[in-house]
Amino acid sequence: MSATPAPQSLRTCSRTACARRAVATLTYVYADSTAVLGPLATFAEPHAYDLCDVHSERLSAPRGWEVVRLSLGTQEQGPSNDDLLALADAVREAARPVRREPVEPPREPGREVARKGHLRMLTSD
């Protein structure tokens, strides 16, 4: 049985005792003292926190830290028109027949006079 990620709609808020559906993912950039709150990540990551709409709006960071809030968007998850067009172009390109030049057999530079294992000794006359 293979482990598959749970659908995004089934992920809940990471806050204790909150059972609301997660809509955003919180990550940290410790080197820059920055907290980044963005759209729900495709997969649950061990070092990221999924938050519901209530907790994502209330989010605050420690003193001296900056909070970067990326647009959560209202668009449904799934491929965009650009993604679908790029995929269709890639499929068309892969299906296009490849024109191959005829391959000529290699010309022997001489006559074989001796052989030892896979090695051949040729003459040029």
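Residues numbered from 1 in each chain as written. Predicted model: local features only at pLDDT ≥ 70, side-chain atom pairs only at ≥ 80, totals over all residues. Heavy atoms only, no water.

Within an unreviewed UniProt entry, the label attached to the protein chain reads DUF3499 domain-containing protein, and the organism entered is Nocardioides ginsengisoli.

1. As for the sheet that holds strand S2 (residues 34-39)
Applied cut-off: The pairing criterion for strands is at least two bridges between them, as found by DSSP. In this description a helix means any DSSP run of H or I spanning at least four residues, a strand means any run of E spanning at least two, and both kinds are numbered starting from the N terminus. What counts as an axis is a line fitted to C-alpha atoms, over the stretch in contact for a helix, and the angles between N-to-C directions run from 0 to 180 degrees.
The sheet built from 4 strands is open, its strands ordered S3-S1-S2-S4 with mixed pairing. Looking at which strands have only one partner, the edges of the open sheet turn out to be strand S3 (49-51) and strand S4 (66-69). Each neighbouring strand pair of the sheet contributes to a mean axis angle of 25°, computed without reference to strand direction. As defined by bridge partners, strand S1 (residues 24-29) adjoins S3 across 3 bridges and the pair is classed as antiparallel. The residue bridging Thr25 from the neighbouring strand is Asp50, located in S3.

2. Quick word on the pattern of salt bridges
What counts here: Salt bridge criterion: a side-chain nitrogen from Lys or Arg within 4 Å of a carboxyl oxygen from Asp or Glu. For each residue, the accessible area found with a 1.4 Å probe, counting protein chains only, is set against the maximum for its type, and the residue is called buried under 20%, exposed over 50%, and partly exposed in between.
Under the defined criterion, the tally for this structure stands at 3 salt bridges. Where Arg11 meets Asp50, a salt bridge forms, and the shortest distance between an N and an O atom there is 2.8 Å. Residue Arg11 is located in the segment before S1, and its partner Asp50 is located in strand S3; the two are separated by 39 residues in the primary sequence. Given the relative accessible area of 8%, Arg11 is considered buried. Among the residues examined, Asp50 registers a relative accessible area of 8% and is labelled buried. With a closest N to O distance of 2.6 Å, Arg92 and Asp89 form a salt bridge. Of the two residues, Arg92 and Asp89 both sit in helix H2 (residues 81-95), 3 residues apart, roughly one turn of that helix.

3. Some details on the packing of aromatic side chains
Note the threshold: Think of it this way: a Phe, Tyr or Trp ring, Trp meaning its six-membered ring, pairs with another when their centres are within 6.5 Å, and the plane angle makes it stacked under 30 degrees, edge-to-face over 60, tilted otherwise.
For the structure on display, the rule yields 4 aromatic pairs. When the centroid spacing of 5.9 Å and the interplanar angle of 85° are considered together, the rings of Tyr28 and Trp65 count as edge-to-face. Taken together, the positions of Tyr28 in strand S1 and Trp65 in the loop between helix H1 (53-58) and S4 put the pair 37 residues apart, joining distant regions of the chain. By relative accessible area, which is 25% here, Trp65 ends up partly exposed. An aromatic cluster is present here, built from Tyr28, Tyr30, Tyr49 and Trp65 joined pairwise through their rings.

4. Overview of the nonpolar core
We count it as follows: Buried Ala, Val, Leu, Ile, Met, Phe, Trp, Tyr and Cys residues that are joined via side-chain atoms within 4.5 Å together make up what is termed a nonpolar core. Any two residues whose heavy atoms approach within 4.5 Å at even a single point are treated as in contact.
Counting 9 residues, the largest nonpolar core consists of Cys13, Cys18, Ala24, Leu26, Ala35, Leu37, Leu51, Cys52 and Leu59. Broken down by secondary-structure element, the contributors of at least two residues to this core are S1 and S2. Look past the residues within four positions of Ala24 in its chain and what remains in contact with it is Leu37, Gly38, Pro39, Leu40, Tyr49, Asp50, Leu51, Ser56 and Leu72.

5. Structural notes on the environment of Ala44
By the secondary structure assignment, Ala44 is in the loop between S2 and S3. For Ala44, a relative accessible area of 56% corresponds to the exposed category. Ignoring any residue separated from it by four or fewer positions in sequence, one finds Ala44 in contact with Arg11 and Asp50.

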